[in-house]
Amino acid sequence: MGSSVEQNILVTGGAGFIGTHTAVQLLKEGFKVSIIDNLDNSVIEAVDRVRELVGPDLSKKLEFTQGDLRNKGDIEKLFSKQRFDAVIHFAGLKAVGESVGNPRRYFDNNLVGTINLYETMAKHNCKMMVFSSSATVYGQPEKIPCMEDFELKAMNPYGRSKLFLEEIARDIQAAEPEWRIVLLRYFNPVGAHESGRIGEDPKGIPNNLMPYIQQVAVGRLPELNVYGHDYPTEDGSAVRDYIHVMDLADGHIAALRKLFDDPKIGCTAYNLGTGRGTSVLEMVAAFEKASGKKIPIKLCPRRLGDATAVYASTEKAEKELGWKAKYGVEEMCRDQWNWANNNPWGYQKKL
Ligand code: NAD
Ligand code: WQD
């Protein structure tokens with residue numbers, strides 16, 4: 001691909017955790033970025049900090065619209081004003097536990113929102129999409145590392161929404177071969193921008209390991225519950241493939257370039273992980289080392305539905321996208337701690 005100076009990318013859910021980090025990298029790479037987000041799980045301050053990080057010149061290439069993908073009119077307004085070369089589609093709800101209690105909300109938001117997006121893209125002849133899928137589509141894999149051609153299965157409504165959306169993408173592309181769609185299956189995104197200005201800021205008590213550890217470290221929560229200490233792993237705790245959010249952001253740029261360069265891409269899935277597994281207890285130790293803080297833990301029974309060990313095969317992304325994660329657990333913990341230490345209450349000034 002030549003210079004990407006004029007390429008205009010719509011980023012749905014761009015005010016969120018992965019979206020903000022990707023927006024910074026896109027702007028730095030010379031893309032124009034238009035974010036649409038309903039701020040359901042994010043705040044406008046996060047977008048202001050993206051502007052601050054890229055500086056006044058690149059900020060001029062960033063546009064933000066508060067809008068909801070469930071309202072087709074909100075998407076139509078954007079497409080009727082400008083031409084987009086591609087869409088990176090992050091917008092979605094992602095809390096597994098909440099999805100079990102309220103599946104309608106998950107299917108309405110994740111499925112209806114995405115179908116509206118495809119309809120509007122098709123109408124305006126924008127047929128390139130990078131979609132946020134998840135390692136959740138592997139369910140509890142029988143073998144590791146997870147390869148892209150493994151059988152897919154979902155364990156909960158959130159996971160099913162991702163699985164359905166992968167199937168929908170494959171069906172749309174099969175019916176209309178001019179579509180180019182990359183499905184990125186993220187493993188466990190953690191860490192933060194090295195500046196400590198943007199990072200993950202979950203509402204309420206965190207569900208995921210790293211934000212929970214972070215809140216224990218800054219004194220917002222008393223101790224970490226370690227779910228499961230009798231897994232058949234080296235230390236008895238479960239193993240995951242944690243990936244630095246900046247590596248993930250760069251993976252989106254590699255995926256975009258693939259879309260622009262490869263007319264034969266069709267609808268293709270790639271794992272974005274490091275290919276390395278780290279246990280919960282190893283993650284706690286790494287965070288303690290990075291932060292100098294003791295993380296008190298309580299050993300608890302396994303969490304329902306959790307797999308023993310999940311990590312990615314990274315071969316396909318390396319070979320076809322030319323992308324490979326650069327950062328290890330040490331950098332993930334260093335940057336996550338930097339974010340936490342500078343913003344103990346996330347984007348809120350104070351509680
Ligand atoms: P996030 O919640 O921080 O960001 C998602 C953003 O989408 C939020 O800002 C939210 O306000 C917005 N949004 C949700 N529904 C919307 C709608 N209908 N219209 C407009 N905006 C809407 O989450 P994230 O961690 O940045 O995740 C981004 C994507 O990656 C999601 O699709 C998620 O399912 C997927 N994913 C995340 C992880 C993870 O662990 N963070 C792992 C695998 C996949
Ligand atoms: C990691 C490990 C927990 C919290 C989830 C989604 C998946 C994807 C990524 C979106 C597990 C243990 C956790 C805590 C703990 N998201 N843990 N104490 O479950 O691998 O994946 O996020 O697509 O779909 O399911 O990530 O961070 O929740 O858990 O011991 O307070 O940490 O049991 O072994 P998970 P996680």
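- You'll find the chain entered in an unreviewed UniProt entry as UDP-glucose 4-epimerase, with Brassica rapa subsp. trilocularis given as the organism.
- Listed under Pathway (unreviewed entry) in UniProt, the entry text for the chain is "Carbohydrate metabolism; galactose metabolism."
- Looking at the chain in UniProt, the text filed under Sequence similarities (unreviewed entry) is "Belongs to the NAD(P)-dependent epimerase/dehydratase family."

### A look at the site of ligand 2
- In the vicinity of ligand 2, 19 residues are found, and the nearest of them are S134, Y158, N225, R240 and D306.
- In the model, an oxygen atom of ligand 2 is placed 3.0 Å from a nitrogen or oxygen of the N208 side chain.
- Between ligand 2 and the protein, one listed contact pairs an oxygen atom with a side-chain N or O atom of R240 at 2.6 Å.
- When ligand 2 is considered free in solution it has 680 Å² of accessible area, and contact with the protein chains removes 88% of it.
- Those elements giving two or more residues to the shell around ligand 2 turn out to be α7 (209–217) and β8 (224–227).
- Looking at the shell around ligand 2 residue by residue, the classes come out as ten nonpolar, six polar and three charged.

### So, helix α9 (residues 280–291)
- Between the first and last C-alpha of α9 there are 16 Å, a value that for twelve residues agrees with the 16 Å anticipated at 1.5 Å per step.
- For α9, the full list of buried residues reads V280, M283, V284, A286, F287 and S291. Considered in projection along α9, the buried side chains sweep an arc of 165 degrees and stay on one side of the axis.
- At its buried positions, α9 is contacted by α7, β8, β10 (242–244), β12 (278–279), β13 (297–300) and α11 (329–342).

### Notes on unusual backbone geometry
- Between I144 and the following residue, P145, the backbone shows a cis peptide bond with an omega angle of 0 degrees.
- Turning to its location among the elements, P145 is positioned in the loop between β5 (128–134) and α6 (157–175).
- Within the chain, L39 stands out as a residue other than glycine whose phi angle is a positive 60 degrees.
- Structurally, L39 can be placed in the loop between β2 (32–37) and α2 (44–59).
- Not every positive phi belongs to a glycine, and N125 is a case in point at roughly 55 degrees.

### Some details on the nonpolar core
- Core analysis: the largest hydrophobic core is formed by 47 residues, its most contacted members being I9, L26, V33, L184, L256 and W323.
- Here this core gets eight residues from one element, more than from any other, and that element is helix α8 (residues 245–261).
- Not counting chain neighbours up to four residues away, the residues in contact with I9 comprise F31, K32, V33, S34, F84, A86, I88, L256 and F260.
- The next biggest cluster of nonpolar side chains, apart from the first, holds 23 residues, and it includes Y118, M121, C126 and I181.

### With respect to the site of ligand 1
- Within the structure, ligand 1 sits among 27 residues, and D37, N41, S42, K94 and Y158 are positioned closest to it.
- Between ligand 1 and D40, the relevant distance is 3.0 Å, taken from an oxygen atom to a main-chain nitrogen or oxygen of the residue.
- A distance of 2.9 Å is found between a nitrogen atom of ligand 1 and a side-chain nitrogen or oxygen belonging to N109.
- In the complex, the protein chains occlude 95% of the 820 Å² of accessible area that ligand 1 would expose alone.
- The dominant element in the shell around ligand 1, judged by the number of residues it contributes, is β5, at three residues.
- Taken together, the residues that form the shell around ligand 1 break down as eleven nonpolar, eleven polar and five charged.

### Some points on the packing of α7 against α11
- Where α7 meets α11, the axes come as close as 10 Å, and the angle between the chain directions of the two elements is 50 degrees. Judged by the inter-axis angle, α7 sits oblique to α11. Seen along the crossing, α7 lies across α11 with a hand that is right-handed. The residues of α11 that touch α7, namely those facing M210, P211, Q214 and A217, are C333, Q336, W337, W339 and A340.
- Residues that form the contact of α7 with α11 fall into these classes: seven nonpolar, two polar and no charged.

### A closer look at the packing of aromatic side chains
- Under the defined criterion, the tally for this structure stands at seven aromatic pairs.
- When the ring of F79 is compared with that of F84, the centres are 5.0 Å apart and the planes differ by 70 degrees; the resulting orientation is edge-to-face. Just as F79 is buried, F84 falls in that class too.
- Geometry around Y231 places R302 over its ring, the cationic atom sitting 4.2 Å from the centre.
- Here the basic side chain of K316 rests over the ring of Y270, its NZ or CZ set 5.0 Å away from the ring centre.

### Regarding the side chain of N8
- One can find N8 in strand β1 (residues 8–12).
- We classify N8 as buried; its relative accessible area is 5%.
- Polar side-chain contacts of N8 include one of 2.9 Å to the backbone oxygen of R83.
- Sequence-distant contacts of N8, that is, excluding residues within four places in its chain, are made with K32, V33, Q82, R83, F84, D85 and A86.

Conventions we followed
- Residues numbered from 1 in each chain as written.
- Chains lettered and ligands numbered in written order.
- Predicted model: local features only at pLDDT ≥ 70, side-chain atom pairs only at ≥ 80, totals over all residues.
- Heavy atoms only, no water.
- UniProt positions renumbered as here; feature names shortened; annotations may be inferred.
- Near = heavy atom within 4 Å.
- Polar contact = N/O pair within 3.5 Å; in protein donor to acceptor, adjacent residues only side chain to side chain.
- Areas by Shrake-Rupley, 256 points an atom, 1.4 Å probe, with all protein chains shown as cover.
- Helix = DSSP H or I, 4+ residues; strand = E, 2+ residues; numbered from the N terminus.
- Nonpolar A, V, L, I, M, F, W, Y, C, P; charged D, E, K, R; others polar.
- Expected span 1.5 Å × (residues − 1).
- Buried < 20%, exposed > 50% of the residue type's maximum accessible area, 1.4 Å probe, protein only.
- Arc of directions from axis to C-beta.
- Contact = heavy atoms within 4.5 Å.
- Core = buried A, V, L, I, M, F, W, Y, C linked by side-chain atoms within 4.5 Å.
- Axes fitted to C-alpha atoms, helices over the stretch in contact; angles between N-to-C directions.
- Parallel < 35°, antiparallel > 145°, perpendicular 65-115°, else oblique.
- Left-handed = near helix turned anticlockwise from the far one by under 90°.
- Phe/Tyr/Trp six-rings, centres within 6.5 Å; stacked < 30°, edge-to-face > 60°.
- Lys NZ or Arg CZ within 6 Å of the ring centre and 35° of its normal.

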